[in-house]
Amino acid sequence: MTWREGKRFAEQTYFRRLLKAGQELGCTAFLFSPNDVLGSGKQVRGYVPGSNGGWQARIFDRPDAVFDRYRYTPTQAFKNYVAFRRTSNFLYANNRLANKWRVHEVLHRDPRMHRWLPETHLYNRQSLVNMLGKHPLLYVKPLNGTGGRNILSIEKRGDELRLLGRNKQRAKVSTVVRDKAAAQRWVDRWTRQEKYIVQQGLRLQLVPSRAVDMRLLIQKNGEGEWSITGHGIRVGPERSATSNLHGGGRAIPVSVFLRPRFGEERTAQIVHDCEQLAFQTAETLEDHFGRMVEFGLDIGIDVDGRAWLIEVNPKPAREIFREMGATGQYKNAITRPLEYAIYLAKTQGREGREPLLKRKVARG
């Protein structure tokens, strides 16, 4: 299930690869939006790749399992989707996750997560002042933002405060102010249209003047178990607040990046800690929000090798594996949600349906 306008879809390249993977698994996979569910709910107008390179509409029976890929946008269509999710009774492979602040609250209530969590508060003028008094680097992030948009960093440099961010179009924005009051006014303008969090910035200067983090993908497999699909290091462009690949970052295999800096043994320890972080995050969030299928975790590794959970994305991209040339991991990253949806349809679907490999898995 995904956003659709006419025959235009978000993430079209990914969806074509996903539907092809569905064919290879022997299931019927198609795209649809909430508006494509027909009156009785027993049929769905689904879309599959057409022979001319576009999308072709067909009528399908009600799907046995639904992979929800509908991403947040500040639109009426998204509000309609949220209402649909509340009232529809499809078998979903993944529940909806809350905004960044709610996710942080849930994780922070679990003592097992504390060692990985940077200090985070809802943004207001007082929380900004308090955090500026405690940390030399802060990040201000929208509660529902994605892709590095509208993220702002604030760094103390002597008597100045340097503000650096990316706007809604991912264009770089920067300024320097002289005092906290000026910073407050500037950040108030930046945050006036939606709610934000303010988060402790981390010294992740493994590459001078560049944002660096690990993207780790953890997914359910065909046995219904959480599994680490893979991870990679993202190095952002010079003087950028984020490391996102579509913001100009580049992808490097974790071991290739970390070993020259930390050595073989310490690198293995860091990777193990990051994977522990991922399993614990998935367990804690799933215990609260219900069944999930995958998480993309942005993990910061500081100059001492300590791992920090920066952000959790329940509908992550997986292009980092393609960028690194990790074709096996890239294929698994696409296939595993389908494998889990098939498993879910088999174990929790209604009795008396067709055999497993004939089951329909709606992808969106």
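Residues numbered from 1 in each chain as written. Predicted model: local features only at pLDDT ≥ 70, side-chain atom pairs only at ≥ 80, totals over all residues. Heavy atoms only, no water.

The protein chain carries the name YheC/YheD family protein in an unreviewed UniProt entry, which gives Brevibacillus brevis as its organism.

Asker: Provide a residue-level description of the overall build of the protein chain, including the pertinent values.
Answerer: For the protein chain, the helix and strand inventory stands at 8 helices and 18 strands. Over its C-alpha trace the protein chain gives a radius of gyration of 21 Å, about what one expects of a compact globule, namely 21 Å for 364 residues. Principal-axis analysis of the C-alpha atoms places the extent of the protein chain at approximately 70 × 50 × 45 Å. Residues classed as buried in the protein chain amount to 54% of the 364 residues present. Of the contacts formed within the protein chain by residues at least 6 apart in sequence, a portion of 63% connects residues at least 24 apart. (Helix = DSSP H or I, 4+ residues; strand = E, 2+ residues; numbered from the N terminus. Rg over C-alpha atoms; globule rule 2.2 N^0.38 Å. Buried < 20%, exposed > 50% of the residue type's maximum accessible area, 1.4 Å probe, protein only. Contact = heavy atoms within 4.5 Å.)

Asker: An account of the layout of surface pockets is needed here, citing residue identities and associated values.
Answerer: Taken as a whole, the second largest pocket encloses approximately 630 Å³ of empty space. Around the second largest pocket, the lining comprises 30 residues; the ones closest to its centre are Ala98, Asn99, Lys100, Val312 and Pro314. Element by element, the count of residues in the lining of the second largest pocket is highest for strand E17 (residues 307–313), at 5 residues. (1 Å grid on protein atoms, 1.4 Å probe; cavity = no way out; pocket = protein on both sides within 12 Å on 5 of 7 lines; lining within 4 Å. Points joined across faces, edges and corners; volume = space filled by probe spheres on them.)

Asker: If you had to explain the sheet that holds strand E14 (residues 226–235) to someone new, which residues and values would you point to?
Answerer: Overall, antiparallel pairing links the 5 strands, which are arranged E15-E14-E13-E16-E17 in an open sheet. Two strands bound the open sheet, and with one partner strand each, they are strand E15 (250–253) and E17. For this sheet the average axis-to-axis angle between neighbouring strands, irrespective of direction, equals 35°. Relative to E14, strand E13 (residues 212–220) runs antiparallel, the two being bridged by 9 bridges. Paired with leucine 216 across the strands is histidine 231, a residue of E14. (Pairing = 2+ DSSP bridges. Axes fitted to C-alpha atoms, helices over the stretch in contact; angles between N-to-C directions.)

Asker: Give a detailed account of the confidence of the model for the protein chain, specifying residues and quantitative values.
Answerer: Mean pLDDT over the protein chain: 88, with 91% of residues reaching 70 or higher. Low pLDDT, under 50, characterises residues 350–360; the stretch is placed with 25 contacts to residues that sit more than four places away or in other chains. (pLDDT = per-residue confidence, 0-100.)

Asker: Please give an account of the sheet that holds strand E12 (residues 196–200) that cites residues and values.
Answerer: Here we have 6 strands laid out as an open sheet, ordered E7-E12-E8-E9-E10-E11, and antiparallel in their pairing. Because the sheet does not close on itself, it has two edges, and the strands there are strand E7 (120–122) and strand E11 (172–177). Going from strand to strand, the sheet's axes swing by 20° on average, the running direction of each strand aside. Where E7 and E12 come together, 3 bridges link them in antiparallel fashion. Bridge assignment links threonine 120 to a residue of E12, and that residue is glutamine 199.

Asker: Give a description of the domain arrangement of the protein chain that names residues and reports values.
Answerer: Its domain assignment divides the protein chain into domain 1 (4–87), domain 2 (119–200) and domain 3 (205–356). The centre of domain 1, based on its C-alpha atoms, is set 37 Å off from the matching centre of domain 2. (Domains from an automatic or database assignment.)

Asker: Could you give an account of helix H8 (residues 327–348), naming the residues involved and the relevant values?
Answerer: Along its 22 residues, H8 runs 32 Å from first to last C-alpha, staying within 8% of the 32 Å computed at 1.5 Å per residue. The largest bend along H8 measures about 35° and falls at threonine 335, with the proline proline 337 one to four residues further on. Along H8, the residues classified as buried are Tyr330, Ala333, Ile334, Thr335, Arg336, Pro337, Leu338, Tyr340, Ala341, Ile342, Leu344 and Ala345. (Expected span 1.5 Å × (residues − 1). Bend = angle between axes of the 7 residues up to and from the residue.)

Asker: If you had to explain the side chain of aspartate 273 to someone new, which residues and values would you point to?
Answerer: If you trace the backbone, aspartate 273 turns up in helix H6 (residues 254–289). Of the polar contacts made by the side chain of aspartate 273, one reaches the side chain of arginine 115; its length is 2.9 Å. Once residues lying within four places of it in the same chain are set aside, the contact partners of aspartate 273 are Arg115, Trp116 and Ala307. (Polar contact = N/O pair within 3.5 Å; in protein donor to acceptor, adjacent residues only side chain to side chain.)

Asker: Before we move on, can you summarise unusual backbone geometry with the specific residues and values?
Answerer: At glutamate 11, a residue that is not glycine, the phi angle is positive and equals roughly 55°. Structurally, the position occupied by glutamate 11 is in the loop between strand E2 (8–9) and helix H1 (12–25).

Asker: Can you explain the pairing of E11? Please cite residues and give values.
Answerer: Here strand E10 (residues 160–166) pairs with E11 via 6 bridges, running antiparallel. Within the sheet, the bridge partner assigned to leucine 164 lies in E11 and is serine 174. Linking E10 to E11, which pair antiparallel, is a turn of 5 residues; within it arginine 170 sits at a positive phi near 65°.

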